[in-house]
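# Structural characterization, general
Here are the chains, one letter per residue:
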Amino acid sequence: MCSNLFAQSEQTINLQLSWKHQFAFAGYYMAKELGYYKEAGIDLNIKEFEYGTDLYSTIKNKEADFAIGRSSILIDRAQGKDIVALGAMFQHSPLMLLVRSDSGISKVKDLKNKRVMITDDAKDTASIVAMLNANDLKLEDIKIQEHSFNLDDLINKKTDAMASYTSNEPIRLQSKNIDYKILHPKDNGFDFYSDILFTSSSFIADNEKLSEAFYDATIKGWEYAFNNIGRSAEIIHNKYNSQNKSLVHLVAEGEILRNLAYHEGSTNIGCLDKNRLQNIINVYKVMGLIDKDIDLDKFIYKHNHHEEILVALYHNDIYLYIVIGILALAGLLSIIFYLSVKTKWLHTRKSLEIEIDNKTHQIEDMTYIDSLTNSMNRRAYNIKIEELLSLYSRYNTVFSIAMLDIDDFKKINDEYGHRVGDNVLINIVLLIKSEIRQNDFLYRIGGEEFVILFAQTSIHEAIIVSEKIRQSVEAELKTIKSKTITVSIGVSEVMQNDTENEIFTRVDRLLYKSKTNGKNQLTY
């Protein structure tokens with residue numbers, strides 16, 4: 001009966017964001033825009049963060065029904081606040097310290113006596129403080145500056161390090177061709193959750209069906225967002241863009257966040273693991289932010305356990321109870337019989353399933369990754385070039401393309417053998433990756449041919465980077481007999497009405513011109 005009521009009328013639900021509109025909340029936008037919430041009987045009102053907002057207070061004062069917080073909500077729970085965590089949309093926190101490459105800071109210990117911008121809220125920066133402590137640094141050892149939330153302060157060297165998000169500020173630095181380094185708590189053993197969707201136990205008790213429907217629709221929205229980053233970014237760009245981010249920035253943000261949303265070996269979004277939560281609690285205890293244990297079974301929303309099948313039984317569900325009991329008994333008897341008769345076969349089948357699963361993952365990797373160089377392959381290039389051309393046709397977002405070919409590579413293989421040739425390919429990929437930005441893309445499209453896609457980059461900028469690559473290859477790569485390795489390069493910028501074939505053919509001809517004019521040169 002409850003589900004029929006949902007279908008007939010929608011209940012307004014308020015969601016309080018933890019920051020301004022951006023791809024970090026894409027799952028909620030998509031669930032709203034695609035009608036997933038509406039199908040669940042929910043009219044969602046999304047409230048953008050305003051400075052001074054206390055997230056828990058919005059729940060306590062019923063200004064919001066759900067809110068998004070960090071792992072620090074564990075501290076609130078330990079203090080007796082009524083908080084239930086439905087799911088962590090990011091398994092790994094994007095919070096880190098960002099420094100310029102020319103700052104002289106290459107590791108955490110280098111921050112001693114340096115200016116560092118972090119917020120004064122200890123619980124929200126706990127992972128950063130823990131990282132400092134693990135590297136024998138106390139807060140007194142650094143010069144703490146009030147966080148301005150203005151990246152220009154890092155760009156203009158008014159600070160040495162700034163608490164930032166991997167999905168935001170680095171993208172902006174890349175667009176300005178400013179090299180940077182990330183000091184991440186995760187790399188120092190402090191792997192916190194982020195963007196945890198939470199509410200109160202009292203709200204769930206009063207709205208059990210509604211809470212479950214909201215949670216399911218939200219997960220569905222996130223699955224769509226990460227499977228359709230380009231389309232999701234367009235919707236955010238057009239409807240949820242109070243920060244005036246470019247479409248390219250939003251796409252890059254989505255790609256970074258997708259990597260943070262899944263825990264290793266899992267395809268589920270939102271999972272909360274008690275062991276990981278306990279590790280976070282232990283960090284808070286060491287820092288003096290928590291002084292008591294937390295009942296994690298009550299803290300974690302019961303439908304978050306993906307590995308368990310939970311059936312909610314109500315007073316009027318007696319027939320469902322009987323059917324489930326019969327099915328469970330029949331299933332148990334079948335399993336006992338099956339195990340007793342087919343134990344050996346089951347073992348063989350399990351081994352086969354594991355092997356098939358491993359092979360499936362290998363095939364998926366092979367689909368987009370070149371197995372020798374670990375760069376992306378031609379199939380991956382075809383997908384990305386279509387995406388960039390689409391962005392260009394819709395929003396005039398300029399990009400450039402470089403095609404690179406190793407000179408006389410056949411002679412290298414013939415004279416020194418394929419093992420040396422393979423090493424040349426591997427090392428040239430490592431060199432190229434060290435010269436390009438994170439939001440540029442490298443593909444091996446043939447034996448010794450590579451393509452670089454420079455996102456949001458004019459041909460003049462692409463020429464500078466490509467020429468630097470050419471010079472670096474000549475200066476740094478040698479064969480076992482010190483034979484110099486060189487490359488020829490063609491560079492072009494996207495043009496009006498370009499198709500995938502036209503831009504590829506054009507840059508291929510430019511590369512051929514470099515070859516015929518003497519090799520080891522760049523043509524554009």
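Just so you know, the residues in each chain are numbered from 1, in the order the chain's sequence is written. Predicted model: local features are reported for residues with pLDDT of at least 70 only, side-chain atom pairs are reported and counted for 80 or more only, and whole-chain, interface and lining totals are derived from all residues. Note that the side-chain values use all heavy atoms of the structure and ignore hydrogens as well as water.

### Re the overall build of the chain
Going by this rule: A run of H or I in DSSP becomes a helix once it reaches four residues, and a run of E becomes a strand once it reaches two; helices and strands are each numbered from the N terminus. Relative accessibility thresholds used throughout: buried, under 20% of the residue-type maximum; exposed, over 50%; partly exposed, between the two (1.4 Å probe, protein chains only). In this analysis, two residues are considered to be in contact whenever any of their non-hydrogen atoms come within 4.5 Å of each other. Each accessible area is a Shrake-Rupley result for a 1.4 Å probe, and residues are judged covered by the shown protein chains and nothing else.
A tally of regular secondary structure across the chain gives 20 helices and 16 strands. Every one of the 524 residues in the chain was classed for burial, and the buried ones make up 47%. Put simply, of all contacts in the chain between residues at least 6 apart along the chain, 76% involve residues at least 24 apart. Summed over its atoms, the accessible surface of the chain is roughly 26800 Å², and 50% of this surface lies on carbon and sulfur atoms.

### Here's the deal with the packing of helix H16 (residues 378-395) against helix H20 (residues 500-516)
Short version of the rule: Whenever a helix is involved, its axis is fitted only over the stretch in contact; in every case the axis is a line through C-alpha atoms, and angles between N-to-C directions fall within 0 to 180 degrees. By definition in this entry, angles of less than 35 degrees are roughly parallel, angles greater than 145 are roughly antiparallel, angles of 65 to 115 are roughly perpendicular, and the rest are oblique. Crossing chirality is assigned from the near helix's rotation relative to the far helix, an anticlockwise turn below a right angle marking it left-handed and a clockwise turn marking it right-handed. As a working rule, the residues Ala, Val, Leu, Ile, Met, Phe, Trp, Tyr, Cys and Pro are called nonpolar, Asp, Glu, Lys and Arg charged, and the rest polar, with Gly in that last group.
Here H16 crosses H20 at 115 degrees, and the two axes come no closer than 10 Å. Considering the angle they form, H16 stands roughly perpendicular to H20. For the element pair H16 and H20, the recorded crossing hand is right-handed. Of H20, the residues touching H16 (which contributes Arg378, Tyr381, Asn382, Ile385, Glu386 and Leu389) are Glu500, Ile503 and Phe504. For the contact of H16 with H20, the residue count by class is five nonpolar, one polar and three charged.

### Observations regarding the sheet that holds strand S12 (residues 400-406)
To be explicit about the condition: If DSSP finds at least two bridges between two strands, the strands pair.
Strands sit in the order S11-S13-S14-S12-S15-S16 across an open sheet of six strands; the sheet is mixed. Of all the strands in the sheet, just strand S11 (376-377) and strand S16 (522-523) have a single pairing partner and so form its edges. When S12 meets strand S15 (residues 487-493), the two strands line up antiparallel, connected through seven bridges. When the bridges of S15 are listed, alanine 402 appears paired with valine 491.

### Details of the nonpolar core
Note the cut-off: Residues belong to a common nonpolar core when they are buried Ala, Val, Leu, Ile, Met, Phe, Trp, Tyr or Cys residues joined through side-chain atoms within 4.5 Å.
The biggest cluster of nonpolar side chains holds 70 residues, and the ones touching the most others in it are Tyr28, Leu197, Trp222 and Leu453. Not counting the four nearest positions on each side in its chain, leucine 197 is found in contact with Leu15, Tyr28, Phe66, Ala67, Ile68, Val84, Ala85, Leu86, Gly87, Met89, Phe214 and Thr218. Core analysis: the second largest hydrophobic core is formed by 47 residues, Ala126, Ala130, Leu183 and Tyr284 among them.

### Re the packing of aromatic side chains
Under the convention used in this document: Centres within 6.5 Å are what make two rings of Phe, Tyr or Trp a pair, Trp counting through its six-membered ring; a difference in plane orientation under 30 degrees is then read as stacked, over 60 as edge-to-face, and the rest as tilted. Here, over-ring charges are defined by two tests on the NZ atom of lysine or the CZ atom of arginine: distance to the ring centre within 6 Å, and angle to the ring normal within 35 degrees.
Inspection of every chain in the model, using the stated rule, returns 18 aromatic pairs. Here phenylalanine 49 and tyrosine 51 contribute two aromatic rings whose centre-to-centre distance is 6.5 Å and whose plane-to-plane angle is 80 degrees, an arrangement assigned as edge-to-face. The buried category is assigned to phenylalanine 49, whose relative accessible area is 11%. Centroid distance phenylalanine 66 to phenylalanine 203: 5.2 Å. Interplanar angle 80 degrees. Geometry classified as edge-to-face. One end of the pair, phenylalanine 66, is in strand S3 (residues 66-69); the other, phenylalanine 203, is in helix H9 (residues 201-206), and 137 residues separate them in sequence. When sorted by exposure, phenylalanine 66 lands in the same class as phenylalanine 203, which is buried. One aromatic cluster in this structure is built from Phe23, Tyr28, Phe90, Trp222, Phe226 and Tyr262. Between the NZ or CZ atom of arginine 276 and the centre of the ring of tyrosine 193, over which it lies, the distance is 4.1 Å.

### What to know about helix H17 (residues 409-416)
The condition that has to hold: Here, the arc refers to the directions that run from the helix axis to the C-beta atoms.
Taken as a whole, H17 has its buried residues at Phe409, Ile412, Asn413 and Tyr416. What you see down the axis of H17 is that its buried residues fit within an arc of 100 degrees, all on one side. What points out from H17, more than 90 degrees from its buried face, is the exposed set Lys410, Lys411, Asp414 and Glu415. Buried residues belonging to H17 abut S12 and helix H18 (418-435). Glycine 417, located one to two residues past H17, shows a positive phi value of around 100 degrees.

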